[in-house]
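# An overview of the molecular structure
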Amino acid sequence: MQFSTFGQKFTRQSGILQLMDDLGQALASDKPVNMLGGGNPAMIPAVNEVYQATLEQLVADGTALNSVANYSTPQGDKAFVDSLVDFFNRHYDWGLTADNIALTNGSQNAFFYLFNLFSGDFGGTDKKILLPLAPEYIGYADAHVDGTHFVAVEPIIDECTHDGQAGFFKYRVDFERLKNLPTLQNGQIGAICVSRPTNPTGNVLTDDEMDKLSAIAQAHDIPLIIDNAYGMPFPNIIYTDTTLNFDDNTILCFSLSKVGLPSVRTGIIVANPAVIKAVLAMNAIINLAPTRFGASLAKPLFDNDEIIRLSQTAILPFYQRQSKLAVRLLKEQFANLPVYIHKPEGAMFLWVWFKDLPITSQELYERLKEQGTLIIPSRHFFVGIDTTQYCHAHECIRLSVAQSDEVLTAGIAMIGEVVRSVYE
């Protein structure tokens, strides 16, 4: 069967397809799998208890049935949109109205919209999305309808300590290279996009770095898109002091996935009314309307700030604990090898660098998969960079800490066994 150019692009092998396929097969497998590769959030009992009680109330009062039996508008569930307006104004005093918010069927859906709105063909000029800090989220890479329109710069790599220990490093934005990019200077950048905390590394751009990126975006009259899937104020998987800002040139993207509700597919865009109007039009054409069930489940938790309490007292502590456990296990496995861990500052992943690894991380992924341990190799995360001559892009892995102590222990032990054999 022959597919169109569009069909060929979206059916080819991709990093995000590999990730989601591995996740689905691991969950369906009757064999034990150390699932350190997926992006599924943890099942946290204290969080699930609140969702269970809320669901029971929604069923009892008819809200649950109403949410699945009726369409929303293309903007999304009106009651939840109004709740979000009150929520953000209550906590940040941004002066939002309903014209500043749209819901989408997950944040992946949101980024598909935004990347195609701000890059591609602009009447003969091919504009691109600038990713100022690579590596970046694997799901961005193939989100364009036609071609791939990303530009990125290689990061500055700073070796550092963490909790008094050596063997860590941190990526930093190379602002000198960034400001002098020909594509930026020539008006070929349509938007700047960053995730904060960064998926896959757990890096948190400082307030100073964010201010600099905002200034660059404003100077070139392009939006700054911030992927806040792991950040403030929910799920708040962030270990450093940060500030969350919004203005008419900023587009903030949030998600209910990482608060433990991935399958309700509910994304939130906060932006100026012109962007929101464009998103509504795309929602109508592509989805008719966003799903309402997640919005109905989340609304009471935003109304009474329960989502803040859960994030601060249950979600953040869980991931911080698992991150510390995983760091300790990795340190034990690689005490005498040139293995470095990206300084853990947030999100639900650790990023591990096997310096001068004799094989590629893709080959390492294949060997670990044969042994029942799943990770994600690094090459797919260097979106917008030519990795053929960049060895570092083939020497890292992402592993999820959203697992039990037993899975982390067994999985990291297997990584240690295979990696040691490779170095030897």
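Read on for an overview of the structure. (Residues numbered from 1 in each chain as written. Predicted model: local features only at pLDDT ≥ 70, side-chain atom pairs only at ≥ 80, totals over all residues. Heavy atoms only, no water.)

### A word on the state of the cysteines
Just so we agree on the cut-off: Disulfide: a pair of cysteine sulfur atoms within 2.5 Å of each other.
Inspection of the entire model under this criterion finds zero disulfides. Not part of a disulfide, C193 finds its nearest cysteine sulfur in C253, a span of 7.3 Å.

### Details of the side chain of N109
Defined as follows: Here a strand is any run of E in DSSP of at least two residues, a helix any run of H or I of at least four, and the numbering for each starts at the N terminus. Burial classes follow relative accessibility: with a 1.4 Å probe on protein chains only, a residue under 20% of its type's maximum area counts as buried, one over 50% as exposed, and anything between as partly exposed. Here a polar contact means two N or O atoms within 3.5 Å. Within protein one must be a hydrogen donor candidate and the other an acceptor candidate, and residues neighboring in sequence count only if both atoms are side-chain atoms. Residue contacts follow a heavy-atom distance rule, with two residues in contact if any of their heavy atoms lie within 4.5 Å.
With respect to the helices, strands and loops of the structure, N109 is situated in helix 6 (residues 107-118). Taking relative accessible area as the criterion, N109 reaches 13% and is therefore assigned buried. Within the structure, the side chain of N109 is placed 3.0 Å from the backbone nitrogen of N105, a separation counted as a polar contact. Ignoring sequence-local partners within four residues, the contact set of N109 consists of T104, N283 and N287.

### Side note on the nonpolar core
Note on soluble globular proteins: their nonpolar side chains tend to be buried together. Let me state the cut-off plainly: Definition of nonpolar core: a set of buried residues of the types Ala, Val, Leu, Ile, Met, Phe, Trp, Tyr and Cys, connected through side-chain atoms within 4.5 Å.
Ranked by internal contacts, the top residues of the largest apolar core, which has 143 residues, are F88, F354, L399 and I415. Not counting the four nearest positions on each side in its chain, L399 is found in contact with L36, L330, M348, F349, L350, V352, I375 and I415.

### Remarks on the pattern of salt bridges
Selection criterion: Each reported salt bridge corresponds to a side-chain nitrogen of Lys or Arg within 4 Å of a carboxyl oxygen of Asp or Glu.
Inspection of every chain in the model, using the stated rule, returns 13 salt bridges. R292 is the partner of D77 in a salt bridge, and the nearest nitrogen-oxygen pair spans 2.9 Å. Separated by 215 residues along the polypeptide, D77 in the loop between helix 4 (63-69) and helix 5 (78-92) and R292 in the loop between helix 10 (273-286) and helix 11 (293-303) bring together distant segments of the chain. The buried category is assigned to D77, whose relative accessible area is 6%. With a relative accessible area of 14%, R292 lands in the buried category. Ionic pairing is found between K212 and D208, a salt bridge with its closest N-O pair at 3.5 Å.

### As for helix 6
In plain terms, the rule: Any helix carries an expected span of 1.5 Å times its number of residues minus one.
The terminal C-alpha atoms of helix 6 lie 16 Å apart, and with twelve residues this matches the ideal 16 Å at 1.5 Å per residue to within 8%. Turning to helix 6, its buried residues are S107, N109, A110, F111, Y113, L114, F115 and F118. Phi turns positive one or two residues past the end of helix 6, at G120, with a value near 110 degrees.

### A look at the environment of T5
Tracing the backbone through its elements, the reader meets T5 in helix 1 (residues 5-11). In the structure, T5 is positioned 183 residues away from Q188 in sequence and 24 Å away in space, judged by C-alpha atoms.

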